[in-house]
Amino acid sequence: MKRTMKAFYLSALFLLLNCSLFAQEFSKQFFINDTTRLYQEGVAVALDTNEFTSVVLSNDQVTDGILNQFYFHFIQSDTLGNLQQFIHVRMADTAYNIHPFNMIKLNNNTFIISATSRQKYGPSNSKPVLINMSETGNILWSKSLDVSCASGANNRLLQLSNGDILFVYQDFANGFRPIYCLVDENGNFSNFNRFPWPSVMPRTFHLNDDGTFDLITSNGDLLNIEQDLSQINSNRKYFKQGGIFFHRLENGNYLIAIMQEFGGDPIFIMTDSQGTELWSKQIASTFGPIPINYTTFDFDFIEETADGNLLIGVHDMFAKRHNFLTMDMQGNLISSRIGNNVLSHAANIGNDQMYIFNLGDFQTNNFILEKRKFNTFYPCDYEVENVVTDISAMEIQPDSASLFPISAPPIVNVNLSAQTVPNVVDFGTLCDFSTAGTQENEVIIEIYPNPTKGTVNIESTSQIQNLSVRNTIGQIVFTGNENQIDLSFLESDVYLIEIETSEGKVLKKIVLE
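Residues numbered from 1 in each chain as written. Predicted model: local features only at pLDDT ≥ 70, side-chain atom pairs only at ≥ 80, totals over all residues. Heavy atoms only, no water.

1. Concerning the environment of Asn154
For step 1, the next point in the chain: Within the element layout of this structure, Asn154 appears in the loop between β9 (139–145) and β10 (156–159).
For step 2, the next point in the chain: Using a relative accessible area of 32% as the deciding quantity, one classes Asn154 as partly exposed.
For step 3, the next point in the chain: Placed 45 residues apart in sequence, Asn154 and Ser199 show a C-alpha to C-alpha distance of 9.2 Å.
For step 4, the next point in the chain: Each residue touching Asn154, except ones within four places of it in the same chain, is listed here: Gln170, Met201 and Pro202.
For step 5, the next point in the chain: There is a polar contact of 3.5 Å between the side chain of Asn154 and the side chain of Gln170. (Helix = DSSP H or I, 4+ residues; strand = E, 2+ residues; numbered from the N terminus. Buried < 20%, exposed > 50% of the residue type's maximum accessible area, 1.4 Å probe, protein only. Contact = heavy atoms within 4.5 Å. Polar contact = N/O pair within 3.5 Å; in protein donor to acceptor, adjacent residues only side chain to side chain.)

So, in structure tokens, the structure goes:
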């Protein structure tokens, strides 16, 4: 009896936790009731368990003393989507623009924002700027390097395990070569080093337990570097022609995301810790009522889940719609859906949830905040058809590279002004999440046995209306509405079962032996 009651309470707790998590999901739109315009070219997102923080490029569309001065907004909401901070930050000298590109949250709970400054009217030279802001939006320090850099979109930030911040920027005077340097939390710069190859900028990083960090460059180089920048330990080149991303898994393997051509289909390569390829998959996606091809532009995140799957955020070339993919460790596609909101910037929160910052248009005074579950299909999403193809092994070769110490450039303080914006209107819900695949009165579905030889039993807290079984390339191989199905006619493989009930849709993975 005690065991039965314990099982009951555990089940009740499971349902309560799931209901609580769902209640925290939101899709809210906001309107800035003035002449401000927001731009999608400068958006960054930082997360923790208490708040979501974004920065976004803005300017004024009015004829006054600061016509068309570009600045940025520092935006924070709580985990329920309630706006906590809306602060605009501009250069104190109104003859200059400030343009944000990247942001990270530090261990001391402050933020570092990578930006560039330049004159509104005059030479087009931009200078790299780092800005340290508190959680409440106060500017703690802001400093500029007196060098001419290319677009700040390529500059990168990483807080190292010793607390220092790695800052990488492109230096025009050094032939657009990347410059690696260190910054402490008080804004003191040190260890300036030049990378030998021009325009080969880092894209993503991974901190290792041995005091080194990995990074992958825009040229397909996977590097391992000492934290003090004293040495590049290894370099493996993965040839490609498009955006590139990577994630190091708990077991030491790497998942590398590339495109063979600009705007082409994404390719995912799994390697072991030494760089030997284990598998390569190419995924072609179509979506919409009149199917159109999804044109991949870049990758937002790759994360490993507690149950051993991979969550991948991809955005497209034009509207920045996101394709949210779930794959297993063998490269089998479990699920895929495309968000209907455009100009979005997604970041993974963990625990099967993500945060999305959207703009209403390329130049707009509307913005949208969303918190979603990763594997839930929402009414404002597109269903996706995918074709997954095994591709030939990528050409991988060892290479050598070194960092060359250089003198520090002049570093100057930057005067910024920060002001709270009072006239932001909450327009309420944008996408109705109440009809999503997982709801507050969540449908619980269990399938067994799994793995199976063919027979699959389905137990559901809601009546099954329809179900379909898809193979790893997205083809429907079985349909029905029974609580027991026979898949023995199919080949041994991994399949995805989509179960539709009166409470919504649920996706389950089944292994057929």
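Moving on from the coordinates now.
2. What to know about the side chain of Ser117
For step 1, the next point in the chain: The topology assignment puts Ser117 in strand β7 (residues 111–119).
For step 2, the next point in the chain: We classify Ser117 as buried; its relative accessible area is 9%.

3. Observations concerning the sheet that holds strand β11 (residues 165–171)
For step 1, the next point in the chain: Taken in spatial order, the five strands make up an open sheet running β10-β11-β12-β13-β33, and their pairing is antiparallel. Edge positions in the open sheet fall to β10 and β33 (404–405), since each of these has one partner strand only.
For step 2, the next point in the chain: Where strand β13 (residues 189–194) and β33 come together, two bridges link them in antiparallel fashion. Along β33, the bridge assignment pairs Arg194 with Phe404. (Pairing = 2+ DSSP bridges.)

4. Comments concerning the packing of aromatic side chains
For step 1, the next point in the chain: Evaluation of the coordinates by the stated rule reveals 14 aromatic pairs.
For step 2, the next point in the chain: Centre to centre, the rings of Phe26 and Phe52 are 6.3 Å apart; their planes meet at 40°, and the pair counts as tilted. Here Phe52 lies in strand β3 (residues 51–60) and Phe26 lies in strand β1 (residues 26–32), a separation of 26 residues in the sequence.
For step 3, the next point in the chain: Using a relative accessible area of 1% as the deciding quantity, one classes Phe52 as buried.
For step 4, the next point in the chain: Seen in terms of ring centroids, Phe74 and Phe111 are 5.6 Å apart; in terms of plane orientation they differ by 75°. Their pairing is edge-to-face. Placement of Phe74 in strand β4 (residues 70–78) and of Phe111 in strand β7 is noted, with a sequence separation of 37 residues between them.
For step 5, the next point in the chain: Linked through ring pairs, Phe30, Phe86 and Phe367 together constitute an aromatic cluster. (Phe/Tyr/Trp six-rings, centres within 6.5 Å; stacked < 30°, edge-to-face > 60°.)

5. Here we look at the sheet that holds strand β17 (residues 232–238)
For step 1, the next point in the chain: Pairing within the open sheet is antiparallel, and its five strands lie in the order β14-β15-β16-β17-β32. Edge positions in the sheet fall to β14 (202–207) and β32 (396–398), since each has one partner strand and no second. Direction aside, the axes of adjacent strands within the sheet are offset by 20° on average. (Axes fitted to C-alpha atoms, helices over the stretch in contact; angles between N-to-C directions.)

6. Digging into empty space enclosed by the protein
For step 1, the next point in the chain: Within this structure, the stated rule accounts for two cavities of 30 Å³ or more.
For step 2, the next point in the chain: Considered as a void within the structure, the second largest cavity measures approximately 40 Å³ in volume.
For step 3, the next point in the chain: Taken together, Leu333, Ile334, Arg470, Asn471, Val494, Tyr495, Leu496 and Lys509 form the lining of the second largest cavity.
For step 4, the next point in the chain: In terms of residue count, the dominant contributor to the lining of the second largest cavity is strand β42 (residues 493–501) (three residues).
For step 5, the next point in the chain: When the residues that make up the lining of the second largest cavity are grouped by side-chain class, the tally is five nonpolar, one polar and two charged. (1 Å grid on protein atoms, 1.4 Å probe; cavity = no way out; pocket = protein on both sides within 12 Å on 5 of 7 lines; lining within 4 Å. Points joined across faces, edges and corners; volume = space filled by probe spheres on them. Nonpolar A, V, L, I, M, F, W, Y, C, P; charged D, E, K, R; others polar.)

7. Considering the pairing of strand β6 (residues 96–105)
For step 1, the next point in the chain: Along β6, nine of the 10 residues are buried, which leaves the element largely enclosed by surrounding structure.
For step 2, the next point in the chain: Examined bridge by bridge, β6 and β7 share nine bridges and lie antiparallel to one another. Paired with Asn97 across the bridge in β7 is Arg118.
For step 3, the next point in the chain: What sits between the antiparallel neighbours β6 and β7 is a turn of five residues, in which Asn109 has the positive phi angle 70°.

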